[in-house]
Amino acid sequence: MATTISNLLPVDLRRPALLFQHQHSTGQRRWLSTPNGAASTLRSRPCELPQQHRRGSRHHALPSASTTTTTSSSVVGDMERGSLAEQSGRSDGQLTARWQELHGSKNWEGLLDPIDTVLRGELIRYGEFAQACYDGFDYDRFSRYCGTCRYPPATFFRDVGLDGVGYEVTRYLYATSNARLPNFTDYKHKSDDPDARLWSETASFIGFVAVSSDEETARIGRRDVAVAWRGTVTRLEWLADLTAIPKPVSQFGIPCPDPAVKVESGFAELYTGKDTGCRWCRYSAREQALAEVRRLVELYHARGEEVSVTITGHSLGSALAMLSAFDVAETGANVSTDGKKAPVCVFSYSGPRVGNTRFKDRFERDLGVKALRIINVHDKVPTVPGVFFYMLDEKLIPEPILRAADALGLAVVYEHLGVELALDHKVSPFLKDTLNPGCYHNLEAHLHLLDGYQGRAQPFQLCGRDPALVNKAADFLRDDHMVPPEWRQDENKGMVRAEDGRWVLPPRHREVHQHPEDIEQHLQQLGLIAN
């Protein structure tokens, strides 16, 4: 079908390339952008707070394009090199020498208050990975590919606006649940026409596995295998959120010698669920992730490289990240055949509790998995499920009582994992007062708060991340910033004008990627399927 419109890029790839400031030694303020003009959202730089941005000022103006200039400098997001990286604290030398500390080897002691500049950059980077899962998801219920990723793996990071991030997607992850309910419903998808039928009734794109490029590996000091999980979108995922009954993790096929280790059954069902009649979910999300992590760890350890496994997620994705990290360590997917072990770390954003006190012990003490949880203190999602009818926060109950109640089965006990970094959206002068809990939970808002967080009782000072991103899928910025709410969308919502002048929604072919041919080989090595 011929059309008069050819550019259907997401809005965030068409926004003006005026995103972050850098103060040159000459004192002249300039704006930096990516070489292709596309705005990039990752950055970590010296923090500066213009006077008009301070709390209590009358007008909080975003930088104006009329007062800026652009440069063709070869800067890509927060992956900048040279003097810019040196001044921001993100130099190759710092990351290379400190990656284990930033990965949680010392439980981030002394790095959170005040926050370490390099750590902030890493937290924003991995948070962007989780956000990319949302940005790549096809929400269009009129599309037969609703529930897939909109973009191919080879160009994924470029298509979601993270060109130059230094990672390459190696496979997508698809999830389903043992509850046989459709994810999406539309009469058109019930058609006998194969071009109109939904690609899958039960599967959905829920994340990806990526690995650092050679150049990025040299910069960060190791080969990093990243796993990112998105939060709740589909009906099956809402069902998982609401099923808070604790069950032994071993009931879900996750090997664990302690039968008292229990997890929230809804999360575990989604993580381990499979549908043998579906091409994309005949292997569970668990099996897909474990096989790919195992393959990459084995590949790069065989080359003599240091390898890390970093898992990230937001909301439901945070719960899946915790389960996935536990599983990687428990099954030994992070250990190559020659015995080399890759450390496992989780960066969690606004995640709920996942397991009981024994799960926490096994996760932190026995398996040595590290987790750093970023939360907004006004967000209710991290407060559930709780203790005693899921209502109470474990912080309100002495640890011995919690453990006794859990051991004796007197109450349902869930406990958070790892180290917590608590942020407060009310300290940001960019965000408005609202009663919308979705704004408190929004991932872009968390990344905005990370960018401005300096430490407890310290003033909020942005370090260069564009505040307009907060409103990408929310209405949280103050109105005087003149940023429309929920601004990220296809041009004309994908409608194009045909040759006869009518506006139509054209068919959009998508390649839904199959499982790798060697997946069963790696699952056999892990002992998850028979030879």
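In the annotation of an unreviewed UniProt entry, the chain is listed under the name Fungal lipase-type domain-containing protein and assigned to Urochloa decumbens. A UniProt comment under Subcellular location (unreviewed entry) is attached to the chain, and it reads "Plastid, Chloroplast". Looking at the chain in UniProt, the text filed under Sequence similarities (unreviewed entry) is "Belongs to the AB hydrolase superfamily. Lipase family."

**A closer look at the state of the cysteines**
Summed over all chains, the structure comprises zero disulfides. Residue Cys133 stays outside any disulfide, its sulfur separated by 8.3 Å from that of Cys149, the closest cysteine. Cys281 provides the cysteine sulfur closest to Cys278, a residue in no disulfide bond, and the two sulfurs are 4.7 Å apart.

**Thoughts on empty space enclosed by the protein**
In the structure shown here, the tally under the stated rule is four cavities of 30 Å³ or more. A volume near 60 Å³ is recorded for the largest cavity. As for the largest cavity, its lining consists of Ser318, Met322, Ser348, Gly351, Pro352, Arg353, Val354, Gly355, Arg373, Glu415, His416 and Leu417. One number sums up the size of the second largest cavity: a volume of about 50 Å³. Elements that contribute at least two residues to the lining of the second largest cavity include exactly α2 (92–102) and α3 (117–136). The greatest single-element share of the lining of the second largest cavity, amounting to three residues, is contributed by α2. Looking at the lining of the second largest cavity residue by residue, the class counts come to five nonpolar, one polar and two charged.

**Description of the packing of helix α7 (residues 265–272) against helix α9 (residues 316–331)**
Where α7 contacts α9, the axes come no closer than 10 Å and their chain directions differ by 70°. If you check the angle between α7 and α9, you find them roughly perpendicular. Contacts between α7 and α9 involve Phe267, Ala268, Leu270 and Tyr271 from the former and Leu316, Ala319, Leu320, Leu323, Ser324 and Asp327 from the latter.

**Some thoughts on the sheet that holds strand β4 (residues 204–212)**
Hydrogen bonds between backbone groups are what pair the strands of a sheet, and the pairing can be parallel or antiparallel. The strand order β3-β4-β5-β8-β9-β10-β11 describes an open sheet built from seven strands, whose pairing is mixed. At either end of the open sheet lies a strand with only one pairing partner, and these are β3 (167–175) and β11 (419–423). When strand polarity is set aside, the average angle formed by the axes of neighbouring strands in this sheet is 15°. The pairing of strand β9 (residues 344–349) with strand β10 (residues 370–376) spans five bridges and is classified as parallel. Residue Tyr349 lies in a different strand from β10, and its bridge partner there is Ile374.

**Digging into the nonpolar core**
If you look at the biggest cluster of nonpolar residues, it comprises 69 residues, and the most contacted ones within it are Leu123, Phe157, Phe208, Leu421 and Leu450. If one sorts the elements of this core by residue count, α3 sits on top with 10 residues. One finds Ile206, Leu296, Val297 and Ala319 within the second-largest nonpolar core, a separate group that totals 51 residues.

**Let's talk about the packing of helix α8 (residues 285–302) against α9**
Their axes nearest at 11 Å, the elements α8 and α9 cross at an angle of 55°. As far as their axial angle goes, α9 and α8 are oblique. α9 is crossed by α8, and the crossing has right-handed handedness. Packed against α8, whose contacting residues are Arg286, Leu290 and Val293, the element α9 presents Asp327, Val328 and Thr331 at the interface. When its residues are assigned to classes, the contact of α8 with α9 shows three nonpolar, one polar and two charged.

**Here's the deal with the layout of surface pockets**
If you add up the space inside the largest pocket, you get close to 1,500 Å³. Lining of the largest pocket is provided by 48 residues; of these, Tyr134, Tyr139, Thr232, Val233 and Ala473 occupy positions nearest its centre. At the level of elements, α3, α6 (235–242), α12 (437–441) and α13 (443–452) are the ones that each hand at least two residues to the lining of the largest pocket.

Criteria and thresholds
Residues numbered from 1 in each chain as written. Predicted model: local features only at pLDDT ≥ 70, side-chain atom pairs only at ≥ 80, totals over all residues. Heavy atoms only, no water. UniProt positions renumbered as here; feature names shortened; annotations may be inferred. Disulfide = S-S within 2.5 Å. 1 Å grid on protein atoms, 1.4 Å probe; cavity = no way out; pocket = protein on both sides within 12 Å on 5 of 7 lines; lining within 4 Å. Points joined across faces, edges and corners; volume = space filled by probe spheres on them. Helix = DSSP H or I, 4+ residues; strand = E, 2+ residues; numbered from the N terminus. Nonpolar A, V, L, I, M, F, W, Y, C, P; charged D, E, K, R; others polar. Axes fitted to C-alpha atoms, helices over the stretch in contact; angles between N-to-C directions. Parallel < 35°, antiparallel > 145°, perpendicular 65-115°, else oblique. Contact = heavy atoms within 4.5 Å. Pairing = 2+ DSSP bridges. Core = buried A, V, L, I, M, F, W, Y, C linked by side-chain atoms within 4.5 Å. Buried < 20%, exposed > 50% of the residue type's maximum accessible area, 1.4 Å probe, protein only. Left-handed = near helix turned anticlockwise from the far one by under 90°.

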